[in-house]
Number of protein chains: 2
Amino acid sequence: MKGKEISSLGEFGLIDHLTKHIQLTQPTSRKGVGDDAAVIDNAHKRTLVTTDLLLEGIHFDLVYVPMKHLGYKSAVVNFSDIYAMNGTPQQITVSLGISNRFSVEDIEEFYAGLLLACETYGVDIVGGDTSSSLTGFTVSITCIGIADEEQIVYRSGAKDTDLIYVSGDLGAAYMGLQLLEREKRVFDKSNSKEFQPDFAGKEYLLERQLKPEARKDIVKMLAEHGIVPTSMIDVSDGLSSDILHLCKESHVGCQLFEERLPIDYQTAMMAETFNMNVATVALNGGEDYELLFTVPLHLHDTMAELSGIHLIGHMTKAENGSYFVTRDGQAMELKAQGWNHIPESSREEEA
Amino acid sequence: MKGKEISSLGEFGLIDHLTKHIQLTQPTSRKGVGDDAAVIDNAHKRTLVTTDLLLEGIHFDLVYVPMKHLGYKSAVVNFSDIYAMNGTPQQITVSLGISNRFSVEDIEEFYAGLLLACETYGVDIVGGDTSSSLTGFTVSITCIGIADEEQIVYRSGAKDTDLIYVSGDLGAAYMGLQLLEREKRVFDKSNSKEFQPDFAGKEYLLERQLKPEARKDIVKMLAEHGIVPTSMIDVSDGLSSDILHLCKESHVGCQLFEERLPIDYQTAMMAETFNMNVATVALNGGEDYELLFTVPLHLHDTMAELSGIHLIGHMTKAENGSYFVTRDGQAMELKAQGWNHIPESSREEEA
């Protein structure tokens, strides 16, 4: 730890210090930090609520994640959930557990990242809780969003003839993580303070891992074209797990096609370097924060004119199951992945 | 750990297992667990949001806190914040970080406590996040409430002639904690599995610490008598810190009177045993979850007819400061306490 000790400010001092510059910008935010609860006026609209818990050592490694990036990402992953309902994020509450190895400056950096994300996406910080922690850094963020009732998109609305689309590309955030982990191992071995990690030509992978964005632009584009998806989810656990959520809630099956998976050049190169199957990375990597959604078949031509989205498959009847069709025509059953995105064993099998 | 390993269910399995019996009971809960966000319809009313982070070793000690009680308390402390805005809690989201020393049964117990609290107070569980944790048990709960705009009570509305009331009694939860800590130390020394802690005649103190209630009844009683407090807060950090929050936000000072502090017989007895000043315990103990509020002077006679509340002082002009007046007429300046409720040194000074 370098810098001012948090105990020099105390609990209330730290909260005051961090929140004194917070300005409410959204008309729905009636009262923010500084009371028992925040007050929100969503008038006749629906209120959306989502929450994420991020734990040091599980969700992030502060050896290679700067506090400012962590603050940014912590907010953005919550915004992503609200966009996945076709809503607009409006407010967040931020709870932090802080151990004594962090300085006031560390927490300021985290807040700077949070505030940058909030400014970028038009969201207010309206409350939270700050506590000391015995172990590591704990972040819990709850995001409140707004939506017109008839615009809300659930996971449950897909029909068995719908087309499946995903925005952006897949697998890059996971390859970024692998790259950071590799450089960390090299750094640990080199035992040198002058160690410079080799990230040239891999900037996109790092950005996708360290500073992801939520696809506000895709939600806006769909709205401008009058398209309300029949179902939608954001790709956080990985395409495979997330399409299965849509299938389960909508009582349908699906077919995804390897040849249609959108994969960036850097992702493909890096997978090659690591001797990993890039389709497995795209399916199971996770943390892409892209939007995965379905639309009725008759919208195919309209969708074809939109940029930034990719047709990757179609829904089927539930009894047909959920499959991934490889380039050579093999149909492999899709499996949900939980906490451990790609276990070592399956990675080796794929390689 | 005894019982089924959580890894046998996996992340999605555990969430399904815990949430499959959750029923939505509130008309405002449109969509609960199982999508990217919950959907809430608060129609023309205001939405209140509050959040609490509870960390093992900081906020609770699982040596003497049963998981079911922890679940109950985790929910209730959030409801208390909504009542302190003169609102009604409606929904919670629940995020858990779980290390591998916990079994499925442990988490079921925690959920049983949560559900009991939700049933008692008429609140729905509508979402959350479950994650593995490297260290200990982490609980983050966000509560959503509802209120008519004109009924919301902020910390900032007190006038310098208002009367100060508190519900119930103070200091019992803190003495319950001291008692549990003492028995834990005895247990550690005795090194016997047949150790039976001595809690006879101290049940009220334990209940106040382990299974606190939020004062829904007080909010209801005030509403039935047409009384809207000018300011309100729940006593979580301790009377001293919490009255100072009202004073700061309302730009007033205050005088509290020792002779008027409501203190239960068991609290007084226990303080005597521990050689602690009971007024200090009542002022700084915290975790009482009573409601502390102000009403205009002219309501004095109406208030005198209400039961379960106590007149403990009055607001003053800000320039007069904030003081605690002892039985012998000494005026001591009130001080805010943060994380460390009663430091050893000040406890010794008081004794």
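Procedures and definitions
Residues numbered from 1 in each chain as written. Chains lettered and ligands numbered in written order. Predicted model: local features only at pLDDT ≥ 70, side-chain atom pairs only at ≥ 80, totals over all residues. Heavy atoms only, no water. Pairing = 2+ DSSP bridges. Helix = DSSP H or I, 4+ residues; strand = E, 2+ residues; numbered from the N terminus. Axes fitted to C-alpha atoms, helices over the stretch in contact; angles between N-to-C directions. Contact = heavy atoms within 4.5 Å. Buried < 20%, exposed > 50% of the residue type's maximum accessible area, 1.4 Å probe, protein only. Parallel < 35°, antiparallel > 145°, perpendicular 65-115°, else oblique. Nonpolar A, V, L, I, M, F, W, Y, C, P; charged D, E, K, R; others polar. Domains from an automatic or database assignment. Buried area = accessible area lost by both parts, 1.4 Å probe. Salt bridge = Lys/Arg side-chain N within 4 Å of Asp/Glu carboxyl O. Least-squares fit on C-alpha atoms with pLDDT ≥ 70 in both.

Visitor: How would you summarise the sheet that holds strand β6 (residues 138-147) of chain A if you had to cite specific residues and measurements?
Guide: Across the sheet, which stays open at both edges, the 6 strands sit in the order β5(A)-β4(A)-β6(A)-β3(A)-β2(B)-β1(B) with mixed pairing between neighbours. Only two strands of the sheet have a single partner each, and these edge strands are β5 (124-132) of chain A together with β1 (29-31) of chain B. Averaged over all neighbouring strand pairs, the angle between strand axes comes to 25 degrees, with direction disregarded. One ladder, built from 9 bridges, connects strand β4 (residues 88-98) of chain A with β6(A); its direction is antiparallel. Each bridged residue has a counterpart across the sheet, and for A:L96 the counterpart in β6(A) is A:V139. Packing of helix α3 (residues 104-121) of chain A onto the sheet brings it into contact with β4, β5 and β6 of chain A, and relative to β4(A) it is tilted by some 170 degrees.

Visitor: Outline the environment of B:N277, supporting the account with residue identities and numerical values.
Guide: Residues and elements named next belong to chain B. Turning to its location among the elements, N277 is positioned in the loop between α8 (265-273) and α9 (278-284). On the basis of relative accessible area, N277 is assigned to the partly exposed category, the value being 26%. Sequence-wise, N277 and M175 are 102 residues apart; in three dimensions their C-alpha atoms are separated by 11 Å.

Visitor: Outline the packing of helix α5 (residues 203-210) of chain B against α8(B), listing residues and values.
Guide: Residue and element names in this part refer to chain B. Remark: α5 packs on α8, axes separated minimally by 8 Å, with the N-to-C direction vectors making an angle of 100 degrees. One element, α5, and the other, α8, form an angle in the roughly perpendicular class. Taken together, the residues of α8 that come into contact with α5 (itself represented by E203, Y204 and L205) are Q266, T267 and M270. A per-class count over the contact of α5 with α8 returns 3 nonpolar, 2 polar and 1 charged.

Visitor: Any chance you could break down unusual backbone geometry for me, citing the residues and the numbers?
Guide: Of note, A:A43 is a non-glycine position whose phi angle comes to about 45 degrees, a positive value. Even without glycine at this site, B:Y289 takes up a positive phi of about 55 degrees. With respect to the helices and strands, B:Y289 occurs in the loop between α9 and β10 (291-295).

Visitor: Got a sec to walk through the domain arrangement of chain A? Specific residues and values, please.
Guide: Many structure descriptions define interface size as the accessible area lost when the parts assemble. Residues and elements named next belong to chain A. By the assigned domains, chain A splits into domain 1 (6-150) and domain 2 (163-350). One C-alpha centre belongs to domain 1, the other to domain 2, and the line joining them spans 26 Å. Among the residues domain 1 hides against domain 2, the three largest losses belong to Y64, K73 and Y83. Together they make up 33% of the total. Applying the counting criterion to the domain 1 and domain 2 interface returns 2 salt bridges.

Visitor: Account for the relation of the copies chain B and chain A, naming residues and giving values.
Guide: Once chain B has been moved 0.0 Å along the axis and rotated by 180 degrees, it coincides with chain A to within an RMSD of 0.0 Å. Such a combination of rotation and displacement between the chain copies is what one expects of a two-fold axis. Taking C-alpha positions as reference, the residue of chain B nearest the rotation axis is B:H44, located at 3.0 Å. Counting the interface residues of chain B, we find that 99% of their copies in chain A are interface residues as well, pointing to one common contact surface.

Visitor: Run through the sheet that holds strand β12 (residues 322-325) of chain A, naming residues and quoting values.
Guide: Pairing between sheet strands relies on hydrogen bonds along the backbone, with the strands arranged either parallel or antiparallel. Residues and elements named next belong to chain A. Across the sheet, 7 strands lie side by side as β8-β10-β7-β11-β9-β12-β13; this open sheet has mixed pairing. The strands lining the two open edges of the sheet, one partner per strand, are β8 (231-234) and β13 (331-333). Each neighbouring strand pair of the sheet contributes to a mean axis angle of 25 degrees, computed without reference to strand direction. One ladder, built from 5 bridges, connects strand β7 (residues 163-167) with strand β11 (residues 309-317); its direction is antiparallel. Looking at β11, one finds that V166 is bridged to H310. On the sheet, helix α6 (residues 216-224) packs against β7, β10 (291-295) and β11 and is oriented at approximately 20 degrees with respect to β10.

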